[in-house]
Amino acid sequence: MKRNTLSITISALGIGLNIILATLAKTFNIPFLFLDTIGTILSGALLGPFFGGITGLITNVITAMVNNPIELPFAIVNMMIGIVVGIISKKFGFTIKIAVLTGILLAILAPLIGTPIAVSLFGGLAGGSMDILTGWLVKSGQKIFTAAFIPRIMSNLIDKIASCVIVAMIINKLPNNLLNKIRG
């Protein structure tokens, strides 16, 4: 299989993983886990920043059309995740240790980008379970940015670290000949 075909196939798999796992996390009401970026992280870690970013972008375009238009503005967050993971993976690999550190970084970066979007477009709310804590924080006197940021960073610390570690474990189980073919 040609490298471009393989890269497109892995990106498509990543998009599917993002959508399916996010749907499962919502269906089963798994607290603090969105699982909506595992495919983006996988694509970024295996293919680099370009395909990681594209996987994130296309995921949000599809989910905005099929599921909820609110997801479209957050495509920039998903793209950033793929790009950052791709850059880190190219430079350092994607071991469990690197995955944990990357997860911590993403847990900070994603809310730093996503919170201004949520605040400016939706008043800090995004239609999820975090809105309860956001509302409570606003009522307790916090400014809207702080009230929207705190729940996002708390849940992202769990979700992004777990997602990155899961991806590192998947990559660790892939055969070397496949990894060599993917990475060129």
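Fair warning: this is a prediction, and the values are worked out from it, not measured in the lab.

Asker: What am I meant to see in the packing of helix H2 (residues 38–47) against helix H3 (residues 49–66) here?
Answerer: Helices that pack against each other are described as a pair by the angle of their axes relative to one another and the distance between those axes. Relative orientation of the contacting elements H2 and H3 amounts to 165°, with a least axis distance of 7 Å. As the angle between them shows, H2 and H3 are arranged roughly antiparallel. Handedness of the crossing formed by H2 with H3: right-handed. Mapping the contact onto sequence places Gly39, Thr40, Ser43, Gly44 and Leu47 in H2 and Phe51, Gly52, Thr55 and Gly56 in H3. Of the residues belonging to the contact of H2 with H3, the class tally is 2 nonpolar, 7 polar and no charged.

Asker: Just checking my understanding: could you explain the nonpolar core for this structure?
Answerer: Soluble globular proteins tend to pack their nonpolar side chains together in the buried interior. Core analysis: the largest hydrophobic core is formed by 33 residues, its most contacted members being Ile41, Leu46, Phe94, Leu106, Val167 and Ile171. Broken down by secondary-structure element, the contributors of at least two residues to this core are helix H1 (3–27), H2, helix H4 (75–92), helix H5 (96–122), helix H7 (144–173) and helix H8 (176–183). Discounting residues that sit within four places of it in the chain, Phe94 has contacts with Ile41, Ala45, Val85, Ser89, Ala99, Thr102, Cys164, Val167, Ala168 and Ile171.

Asker: Just checking my understanding: could you explain H4 for this structure?
Answerer: Since the α-helix packs 3.6 residues into each turn, any two residues three or four apart lie on the same face. Along its 18 residues, H4 runs 26 Å from first to last C-alpha, staying within 8% of the 26 Å computed at 1.5 Å per residue. Within H4, the full set of buried residues consists of Ala75, Val77, Asn78, Met80, Ile81, Gly82, Val84, Val85, Gly86, Ile88 and Ser89. On its buried face, H4 is in contact with H1, H2, H3, H5 and H7. Phi turns positive, to about 85°, at Gly93, one or two residues after H4.

Asker: Before we go on, may I ask you to explain the packing of H4 against H5 in this structure?
Answerer: It is at 10 Å that the axes of H4 and H5 come closest, and there the two elements cross at 155°. When the interaxial angle is binned, H4 and H5 end up roughly antiparallel. For the crossing formed where H4 meets H5, the hand is right-handed. Taken together, the residues of H5 that come into contact with H4 (itself represented by Ile76, Val77, Met80, Ile81, Val84, Val85, Ile88 and Phe92) are Ile98, Thr102, Leu105, Leu106, Leu109, Ala110, Ile113, Gly114 and Ile117. Residues belonging to the contact of H4 with H5 are distributed by class as follows: 15 nonpolar, 2 polar and no charged.

Asker: Could you clarify how one ought to interpret H7 in this entry?
Answerer: For H7, spanning 30 residues, the distance from its first C-alpha to its last is 43 Å, which sits close to the expected 44 Å at 1.5 Å a residue. The largest bend in H7 comes to about 35°, at Asn156.

Asker: What should I look at first to understand the pattern of salt bridges in this one?
Answerer: Taken as a whole and judged by the stated rule, the model has 2 salt bridges. Between Glu71 and Lys26 there is a salt bridge, and its shortest N-O distance comes to 3.5 Å. In this pair, Glu71 is assigned in the loop between H3 and H4 and Lys26 in helix H1, connecting sequence segments 45 residues apart. Overall, Lys26 belongs to the exposed group, its relative accessible area being 53%.

Asker: What exactly am I supposed to notice about the packing of aromatic side chains here?
Answerer: For any two aromatic rings, the description comes down to two numbers: the centre-to-centre distance and the angle of the planes. In this structure the tally under the stated criterion is 3 aromatic pairs. A centroid spacing of 5.8 Å and a plane angle of 15° characterise the contact between Phe145 and Phe149, whose relative ring orientation is stacked. Remark: Phe149 and Phe145 occur in helix H7; sequence separation between them is 4 residues, near one turn of the helix. The exposure class of Phe145 is partly exposed, given its relative accessible area of 36%.

Asker: Before we go on, may I ask you to explain unusual backbone geometry in this structure?
Answerer: Across residues other than glycine, the phi torsion is negative in most instances, and most of the peptide bonds are trans. With phi around 45°, Asn29 is a residue other than glycine that occupies positive phi space. With respect to the helices and strands, Asn29 occurs in the loop between H1 and H2.

Asker: What should I look at first to understand the side chain of Lys160 in this one?
Answerer: Along the polypeptide, Lys160 turns up in helix H7. Contact partners of Lys160, with chain neighbours within four places excluded, come to Phe34, Asp36, Thr37, Ile81, Gly103, Leu106, Ala107 and Ala110.

Parameters and conventions
- Residues numbered from 1 in each chain as written.
- Predicted model: local features only at pLDDT ≥ 70, side-chain atom pairs only at ≥ 80, totals over all residues.
- Heavy atoms only, no water.
- Axes fitted to C-alpha atoms, helices over the stretch in contact; angles between N-to-C directions.
- Helix = DSSP H or I, 4+ residues; strand = E, 2+ residues; numbered from the N terminus.
- Parallel < 35°, antiparallel > 145°, perpendicular 65-115°, else oblique.
- Left-handed = near helix turned anticlockwise from the far one by under 90°.
- Contact = heavy atoms within 4.5 Å.
- Nonpolar A, V, L, I, M, F, W, Y, C, P; charged D, E, K, R; others polar.
- Core = buried A, V, L, I, M, F, W, Y, C linked by side-chain atoms within 4.5 Å.
- Buried < 20%, exposed > 50% of the residue type's maximum accessible area, 1.4 Å probe, protein only.
- Expected span 1.5 Å × (residues − 1).
- Bend = angle between axes of the 7 residues up to and from the residue.
- Salt bridge = Lys/Arg side-chain N within 4 Å of Asp/Glu carboxyl O.
- Phe/Tyr/Trp six-rings, centres within 6.5 Å; stacked < 30°, edge-to-face > 60°.

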